[in-house]
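So the chains spell out like this:
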Amino acid sequence: MCRIAPALSVALILAGAVSAPGQQATERYIPIGRSPGLAGDLVSRGPIERVDAEAGTLEVAGGHGVIRLSERTRIWIDRSAQGLTNLRGSLADLRPGLTVEIKTVAAEQHEADWIKIRGD
């Protein structure tokens, strides 16, 4: 019994390590607000207040601060409410008033890893 427990622990740890890249690959298909395991300090949700395309930044209502976009930031249009497949979006799709969900790279950074736009 003592030998099984350490092996099981290692297997569970490795399974958790493998699931992170898998979620990154499928994140574009997950509706806004439904991503499993996202901590509140990494995620902002709400309507866009301002977009500055030249600076590559946006602000979301609710005091989330300025979020920077980079060449690595992935943008998707969430059309799951219409029963449609989500689309790849771009900076041009980010407009004030649209509801978004943003995951930042790290809690202390304000760089977007990905952004989902609610498609209406």
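Position numbers for residues start from 1 in each chain and track the written sequence from start to end. Totals for whole chains, interfaces and linings use all residues, but because this is a predicted model, local features are given only for residues with pLDDT of at least 70 and pairs of side-chain atoms are given and counted only at 80 or more. Each side-chain value is derived from all of the structure's non-hydrogen atoms; neither hydrogens nor water enter the calculation.

Trainee: An account of the pattern of salt bridges is requested, with residue identities and associated values reported.
Mentor: Here a salt bridge means any side-chain nitrogen of Lys or Arg lying within 4 Å of a carboxyl oxygen belonging to Asp or Glu. For the structure on display, the rule yields seven salt bridges. Lysine 116 serves as the salt-bridge partner of glutamate 27, at 2.5 Å between the closest nitrogen and oxygen. Here glutamate 27, found in the loop between α1 (4-26) and β1 (43-52), pairs with lysine 116, found in strand β7 (residues 112-118); they are 89 residues apart in sequence, far enough to count as distant. The exposure class of glutamate 27 is buried, given its relative accessible area of 2%. Residue burial is assigned from relative accessible area. The probe radius is 1.4 Å, only protein chains are included, and a residue is buried under 20% of its type maximum, exposed over 50%, and partly exposed in between. Look at lysine 116 and you get buried, because its relative accessible area is 1%. Across the pair arginine 50 and glutamate 59 runs a salt bridge whose closest N-O atoms are separated by 3.3 Å. Strands here are runs of E lasting at least two residues and helices are runs of H or I lasting at least four, both read from the DSSP assignment and numbered beginning at the N terminus.

Trainee: Please provide a residue-by-residue account of the nonpolar core, values included.
Mentor: Counting 14 residues, the largest nonpolar core has Leu58, Leu94, Val100, Ile102, Ile115 and Ile117 as the members making the most contacts within it. Elements represented by at least two residues in this core include exactly β2 (57-60), β4 (74-78), β6 (99-104) and β7. The dominant element in this core, judged by the number of residues it contributes, is β7, at three residues. Contacts are residue-level and defined by heavy atoms, with any inter-residue pair within 4.5 Å sufficient. Sequence-distant contacts of isoleucine 117, that is, excluding residues within four places in its chain, are made with Ile32, Ile75, Trp76, Ile77, Asp78, Asp93, Leu94, Leu98, Thr99 and Val100. Nonpolar cores are built from buried Ala, Val, Leu, Ile, Met, Phe, Trp, Tyr and Cys residues. Side-chain atoms within 4.5 Å join them into one set.

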